[in-house]
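Structural overview
Letter by letter, the chains look like this.
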Amino acid sequence: MKVRTRFAPSPTGHVHIGNMRAAIYNWLFARHHGGEFLLRVEDTDRERSTTEAIQTLLEAMAWLKLDVDEEPLYQSTRMEVHLEAAEQLLAKGLAYKEDKGGTGQGECVIFRMPGTDVSFEDGIKGTLSKAADNMQDFVIVRSNGTPVFHLANVLDDIEQGVTHVIRGDDHIENTYRHIALYRALGADVPNFAHLPMLVNAQGKPYSKRDGDAFVGDFREKGFLGDALFNYLALLGWSPGDDREVMTREEMVEAFTLERCQSSAAQVDLKKLTWMNGEYMLKLPDEEFEAIAFGELDRAGIDAEPEYAEKVFTLIRERAKTVTDIVPLAGYFFTDEIVYDEKAVKKKLKKDGVADTLHKAKAIFETLEVFNEASTDEALHDFVETSGLGFGAVMAPVRIAVSGVQSGPDLFPVLAVLGRERVLKRIDRTLELFFA
RNA sequence: GACCCCUUCGUCUAGUGGCCUAGGACUCCAGGUUUUCAUCCUGGCAACACGGGUUCGAGUCCCGUAGGGGUCGCCA
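Overview of the structure. (Residues numbered from 1 in each chain as written. Chains lettered and ligands numbered in written order. Predicted model: local features only at pLDDT ≥ 70, side-chain atom pairs only at ≥ 80, totals over all residues. Heavy atoms only, no water.)

**Observations regarding the overall build of chain A**
Where we set the bar: The helix count covers DSSP runs of H or I at least four residues long, the strand count covers runs of E at least two residues long, and both are numbered beginning at the N terminus. With the radius of gyration taken over C-alpha atoms, the globule rule is written as 2.2 Å times the number of residues to the power 0.38. To sort residues, take the accessible area from a 1.4 Å probe on protein chains only and compare it with the maximum for the residue type: under 20% means buried, over 50% means exposed, and anything in between is partly exposed. It only takes one pair of heavy atoms within 4.5 Å for two residues to be counted as in contact. Using the Shrake-Rupley algorithm and a 1.4 Å probe, accessible areas are obtained, with residue cover drawn only from the displayed protein chains. In this count, Lys and Arg are taken as positive residues and Asp and Glu as negative ones, while His and the chain termini are left out. Where a charge lies is defined by one atom per residue type, namely NZ (Lys), CZ (Arg), CG (Asp) and CD (Glu).
Check the secondary structure of chain A and you find 17 helices and 12 strands. In summary, chain A has a C-alpha radius of gyration of 31 Å against a globular reference of 22 Å for 435 residues, an excess of more than 25%. Out of the 435 residues belonging to chain A, those deemed buried represent 49%. Pairs at least 24 apart in sequence give 74% of the contacts found in chain A among residues at least 6 apart. Here chain A has roughly 21,700 Å² of accessible surface; of this, 48% comes from carbon and sulfur atoms. A gap of 5 Å separates the mean positions of the 50 positive and 72 negative side-chain charges of chain A.

Below, the structure is given as structure tokens:
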């Protein structure tokens with residue numbers, strides 16, 4: 001039988017990375033087995049389900065390249081089927097009506113647990129079981145006539161032909177009930193696998209206060225979808241060897257439930273950042289450029305394409321995240337550079353620096369051609385004849401043209417900026433700090 | 001509280017009874033390379049929760065204890 005897995009989120013606001021990891025594992029599992037990956041939108045909670053939320057969900061999935069094999073099933077379209085099934089359970093005596101707790105809310109439909117122990121083979125945790133005495137009947141249709149999650153979820157999984165239910169282990173208790181429901185409904189019980197939870201940097205479950213746990217936030221922070229996918233895939237699973245940065249194909253090939261961890265995993269932003277840096281480095285030039293232009297645009301920087309591309313090649317290996325780009329490249333695009341206070345204090349406001357800058361300017365002015373090689377040679381000559389150290393020459397020049405004391409190699413920076421900008425910036429520096 | 005689940009370096013993990021004086025990665029530290037920073041290279045710190053068994057031999061199997069988490073809704 002062909003493997004079919006699904007991601008069944010309720011579109012109530014943002015998509016949490018814990019949920020998204022479950023989606024990734026479902027996707028990986030389906031692809032590994034040459035099966036199908038489906039989406040079901042559990043949008044029965046009308047209050048909280050909005051079209052914007054559904055849109056956000058779809059965007060997040062597209063960003064992570066989680067392609068689905070069939071049109072999404074919207075649970076809200078299935079209410080009649082759910083209710084019909086409840087009627088049948090009622091007719092067979094497998095469910096009953098009652099004003100639960102005598103609250104006066106009216107009668108709801110309650111599913112009768114079979115009174116036998118339930119156990120199943122969990123794909124990750126092994127044999128799981130629960131004694132009949134510890135399980136109680138539960139509501140499947142509210143007194144207002146709407147179906148409850150348990151009923152709808154099981155019926156829709158049957159409808160979509162889901163063979164493997166891979167979800168968070170906060171669903172374990174539900175699974176015992178769901179299995180009883182499948183049986184009562186006369187349906188095959190699918191395979192279940194329960195993933196451990198993801199916890200925050202404090203080792204605690206993510207709460208509403210952890211504003212950084214939504215998929216969209218990671219995108220905002222400059223992480224690449226492929227990097228987040230890879231990182232999340234490795235949070236709770238490993239290929240069994242030392243590979244960490246892996247292609248989709250490698251992950252699909254290596255993914256098995258047996259290799260999934262059964263204990264909670266903690267999200268480590270530092271490692272995600274490292275991994276993202278690896279992905280940034282592997283980006284084809286055109287892709288990096290497209291991203292970088294987008295960033296400049298967002299920052300309101302109007303960049304001349306040819307010039308900008310040269311800048312990007314200089315800074316790209318230093319950018320660990322997308323959001324690093326503008327801070328790294330910003331000074332190339334304005335002569336009104338912002339000077340780093342510490343750099344100025346430490347390296348610029350020193351005896352002899354004004355003289356050094358004047359001389360450097362004179363050298364740059366007289367250079368026949370102004371490029372990487374010529375500035376390199378000229379400045380090295382200057383260092384030798386002046387008796388100054390490299391640092392005493394390079395640092396002031398760098399700060400004069402960029403405002404900061406670190407960055408790519410100085411000579412390529414000078415070459416890309418070009419003589420005109422370099423001279424103008426040295427003048428401005430002289431005026432601002434040594435006038 | 002009841003029931004269920006979980007427990008290897010700070011973090012993610014390898015480990016399926018001998019190959020483990022426990023391996024890799026991130027972080028951190030030191031040194032090297034470098035005009036600076038980043039990269040890169042080399043090295044280092046750092047863990048089997050605890051207690052009992054079983055066994056010639058236990059991180060690996062069993063039991064218990066402790067700690068953490070989940071569930072106990074007419075939410076999903």
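**Description of the packing of aromatic side chains**
This is how it is decided: Here is the rule: rings of Phe, Tyr and Trp (six-membered ring for Trp) pair when centre to centre is within 6.5 Å. Planes less than 30 degrees apart are stacked, more than 60 are edge-to-face, and the remainder are tilted. Our definition puts a charge over a ring when NZ of Lys or CZ of Arg is within 6 Å of the ring centre and also within 35 degrees of the ring normal.
Scanning the entire structure with this criterion turns up 14 aromatic pairs. Ring geometry for tryptophan 27 versus phenylalanine 229: centroids 5.7 Å apart, planes at 90 degrees, classification edge-to-face. Separated by 202 residues along the polypeptide, tryptophan 27 in helix H1 (residues 17-32) and phenylalanine 229 in helix H7 (residues 225-234) bring together distant segments of the chain. Assessed through its relative accessible area of 0%, phenylalanine 229 is described here as buried. Arranged with centres 6.3 Å apart and planes meeting at 75 degrees, the rings of phenylalanine 288 and phenylalanine 312 form a pair that is edge-to-face. Highlighted residues: phenylalanine 288 in helix H10 (residues 285-298) and phenylalanine 312 in helix H11 (residues 305-315), separated in sequence by 24 residues. In this structure phenylalanine 312 comes out as buried when scored by relative accessible area, which is 1%. Members of the aromatic cluster, connected to one another through ring pairs, are Phe120, Tyr176, Tyr182 and Phe192. Over the face of the ring belonging to tyrosine 25 we find arginine 21, whose NZ or CZ atom lies 5.3 Å from the ring centre.

**Focus: the protein's contact with RNA strand B**
Basically, it comes down to this: Definition of nearness: a residue and a molecule or strand are near each other if at least one heavy atom of the residue lies within 4 Å of the molecule or strand. Pairs of N or O atoms are called polar contacts if they sit within 3.5 Å, as long as, within protein, a hydrogen donor faces a hydrogen acceptor (for residues adjacent in sequence, only side-chain-to-side-chain pairs). Polar here means any residue outside two lists: the nonpolar Ala, Val, Leu, Ile, Met, Phe, Trp, Tyr, Cys and Pro, and the charged Asp, Glu, Lys and Arg; Gly therefore counts as polar.
If you check the shell around RNA strand B, you find 58 residues, and the closest are Lys100, Lys130, Arg142, Glu244 and Arg318. Measuring from a phosphate oxygen of RNA strand B, one finds a backbone N or O atom of phenylalanine 149 at 3.0 Å. Side-chain polar atom of arginine 259 to a phosphate oxygen of RNA strand B: 3.2 Å apart, as the coordinates give it. Elements represented by at least two residues in the surface near RNA strand B include exactly strand E7 (126-130), helix H4 (149-159), helix H5 (172-184), strand E12 (265-266), helix H9 (269-282) and helix H16 (390-402). Across the surface near RNA strand B, the residue classes break down as 16 nonpolar, 21 polar and 21 charged.

Purely spatial values, then, with no claim about function.
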